[in-house]
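# A closer look at the structure
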Amino acid sequence: MWGAFAEPADSYYQIRPECTDVPNTKFKIKPGKTLSVRKWQAAFTTEGFLDIGKTLNRIQRGGIHPSIRGEVWEFLLGCYDPKSTFEEREQIRQRRRLQYASWKEECKQMFPVIGSGGFITAPVITNKGEPINDPLVLQETNLGANGADFFKELASRGPLDKKVIQWLLTLHQIGLDVNRTDRTLVFYEKKENLSKLWDILALYAWIDNDVGYCQGMSDLCSPMIMLLEDEADAFWCFERLMRRLRGNFRDTGRSVGVEAQLTHLASITQIIDPKLHHHLEKLGGGDYLFAIRMIMVQFRREFSFCDSLYLWEMMWALEYDPEMYSLYEEPQFEGERTIEGSSKGKPKSINQCGKYERENMKNGGKSAEGPLPISVFLVASVLKDKSSKLMTEARGLDDVVKILNDITGNLDAKKACTGAMKLHKKYLKKQAKK
């Protein structure tokens, strides 16, 4: 509507009043640009088919209204196929909820704190699998007198399976991270919400044999808990996000997966801004480890909570690949994109792809491992923007980190994505000339 005022989005994610050092939110709900409830509902046919092309364009223009953010994210992350009907999606939803309940019951049998409304921050077993009857654990959980019985029962099981030991060793670390995640938000003043976050991360750690749980995952999962009321739906949204990002967390013992992204970041910076790259190398930052947090948790710490969600949906809309759903329905946690995963072997429509994906399709902007994520170009764009400051003021890696930390709360999500897209095009052109 012409002349309508932009609506502040902060009211949807309440900040605790005593938290005064939280970055200001720049994202505002703009009538005519933001994907509204009305526009979202109008994007479906009577059967339930979604016009994903128009939806992506709207998101790229002005983000998503917070009241529908969760259900839109389910499509952006590949939980559902836009070409499915309302009935087909409901069947998938119910099947996944049953699968989640089954996994949760399996985990609860191994450790009854799962699903109890509590969580732990102290270890329950040693590295050898021997129970640690810590009073703190009994105090933290809702097990009461049953807690002592559990430790007796655990001791009576005999030698535990290696996978079970590793999982049990992870649970308190998840609890410590949950206790530190988004605690400026009123939502997490309720213990049941903290417990829900812990349950989802604990289950994910159990079913993902290769990666398990790593620090930073709580930052990625937290918004899902807030946006999707049903715990199982929040889990599957997080699981789909991890399909994109789990490679960053994979630890081979010799290297961590995110190092590959940092290597690409170094190559991009060397092409786009060779003087800055040379300066960073001289400071001992040629490995670009100073940028690891931005990539691992997708700028969650560089933006306010609300702006980080806006950034994410902008990135996902730009990267959207209509084959994503069918690829993700392949066997659990494969993660690699294969030609066999394409929808019935048909070529994908360019109109159903995000702008970033379309550029990759037209220019073949892919590495040997597949298309580079837009997040790498986002970091490169930030470095390019701060190039002058880094060149003149950074005399060591501590200065580099300080300068990058100072951008917190001062970045604009839409401008950051626009900068990343421009850098991506420039990079592709320079690569083509080689």
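The name given to the chain in an unreviewed UniProt entry is TBC1 domain family member 15-like, with the source organism recorded as Camelina sativa.

### Quick look at the overall build of the chain
Helix and strand counts for the chain stand at 20 helices and 4 strands. Accessible surface computed for the chain: about 20,600 Å², of which carbon and sulfur atoms make up 51%.

### Thoughts on the pattern of salt bridges
What the rule picks out here adds up to 23 salt bridges. Among the salt bridges present, the one from K104 reaches E231, with a minimum N-O distance of 2.9 Å. You can see K104 sitting in helix α4 (residues 86-110) and its partner E231 sitting in helix α10 (residues 231-249), a full 127 residues away along the chain. Neither residue differs from the other here; K104 and E231 are each classed as buried. The structure contains a network of salt bridges with shared partners spanning E74, R93, R97, D230 and D233.

### Quick notes on a positive patch on the surface
On the surface, a cluster of positive charge is contributed by K355, K425, K426, K429, K430 and K433. In terms of residue count, the dominant contributor to the positive patch is helix α20 (residues 413-432) (4 residues). Along the chain, K425 falls in helix α20. Taking the relative accessible area as the measure of exposure, K425 reaches 40% and is therefore partly exposed.

### Digging into unusual backbone geometry
In terms of backbone geometry, most residues other than glycine have negative phi values and most peptide bonds are trans. One non-glycine residue, D182, lies in the positive phi region at around 50°. Looking at where D182 falls in the secondary structure, it is placed in the loop between α7 (162-180) and α8 (191-207).

### Overview of the packing of aromatic side chains
We describe a pair of aromatic rings using the distance from one ring centre to the other and the angle between the two ring planes. Scanning the entire structure with this criterion turns up 19 aromatic pairs. Measuring from centroid to centroid gives 5.5 Å for W167 and W206, while their planes differ by 65°, and the two rings are edge-to-face. With W167 in helix α7 and W206 in helix α8, the pair connects residues that are 39 residues apart, well separated along the chain. The exposure class of W167 is buried, given its relative accessible area of 3%. Given a relative accessible area of 8%, W206 falls into the buried group. Relative to W316, the ring of W312 lies with its centre 5.7 Å away and its plane at 40°, an arrangement referred to as tilted. With W312 and W316 both in helix α14 (residues 305-319), this residue pair falls 4 residues apart, about one helical turn. Its relative accessible area of 1% is what places W312 among the buried residues. Accessibility expressed as a relative area gives 2% for W316, which makes it buried. Chaining the aromatic ring pairs together yields one cluster made of W40, F44, F75, Y80 and F86. The ring of Y80 carries R96 above its face, with NZ or CZ at 5.2 Å from the centroid.

### Things to note about helix α3 (residues 69-76)
Counting buried positions along α3 gives 7 out of 8 residues, so the element sits mostly inside the fold. All buried positions along α3 are accounted for by R69, G70, V72, W73, E74, F75 and L76. Phi turns positive, to about 85°, at G78, one or two residues after α3.

### Here we look at the confidence of the model for the chain
A residue-level look at the chain finds 83% of positions with pLDDT of 70 or above and a mean pLDDT of 85. Between residues 1-8, whose pLDDT stays under 50, and residues either more than four places distant or in other chains, the model counts 14 contacts. Overall, residues 332-345 carries pLDDT values under 50, and its contacts beyond four positions in sequence, including any with other chains, amount to 21 contacts.

### So, the packing of helix α11 (residues 258-272) against helix α12 (residues 274-282)
Orientation of α11 relative to α12, taken along the N-to-C sense of each, is 130°, at an axis distance of 5 Å. Looking at the two axes, α11 sits oblique to α12. Across from A266, T269, Q270, I271 and I272 in α11, the residues of α12 making contact are P274, L276 and H277. Taken together, the residues of the contact of α11 with α12 break down into 5 nonpolar, 3 polar and no charged.

### Side note on the side chain of T55
In this structure, T55 sits in helix α2 (residues 52-62). Classification of T55 as buried rests on a relative accessible area of 3%. At 2.9 Å, the side chain of T55 forms a polar contact with the backbone oxygen of D51. Other than its neighbours up to four places away in sequence, T55 contacts L35, W40, A43 and L50.

### With respect to the packing of α11 against α20
Packed helix pairs are specified by the crossing angle of their axes together with the interaxial distance, meaning the distance between the axes. Between α11 and α20, whose axes approach to 10 Å, the crossing angle comes to 80°. Classified by the angle between their axes, α11 and α20 sit roughly perpendicular to one another. Contacts from I268, I271 and I272 in α11 reach L423, K426, Y427, K430 and Q431 in α20. Of the residues in the contact of α11 with α20, the class split is 5 nonpolar, 1 polar and 2 charged.

Conventions adopted
Residues numbered from 1 in each chain as written. Predicted model: local features only at pLDDT ≥ 70, side-chain atom pairs only at ≥ 80, totals over all residues. Heavy atoms only, no water. Helix = DSSP H or I, 4+ residues; strand = E, 2+ residues; numbered from the N terminus. Areas by Shrake-Rupley, 256 points an atom, 1.4 Å probe, with all protein chains shown as cover. Salt bridge = Lys/Arg side-chain N within 4 Å of Asp/Glu carboxyl O. Buried < 20%, exposed > 50% of the residue type's maximum accessible area, 1.4 Å probe, protein only. Patch = residues over 30% accessible without salt bridge, like charges linked within 9 Å, V, L, I, M, F, W, Y side chains within 5 Å. Lys, Arg positive; Asp, Glu negative; His and termini not counted. Charge placed at Lys NZ, Arg CZ, Asp CG, Glu CD. Phe/Tyr/Trp six-rings, centres within 6.5 Å; stacked < 30°, edge-to-face > 60°. Lys NZ or Arg CZ within 6 Å of the ring centre and 35° of its normal. pLDDT = per-residue confidence, 0-100. Contact = heavy atoms within 4.5 Å. Axes fitted to C-alpha atoms, helices over the stretch in contact; angles between N-to-C directions. Parallel < 35°, antiparallel > 145°, perpendicular 65-115°, else oblique. Nonpolar A, V, L, I, M, F, W, Y, C, P; charged D, E, K, R; others polar. Polar contact = N/O pair within 3.5 Å; in protein donor to acceptor, adjacent residues only side chain to side chain.

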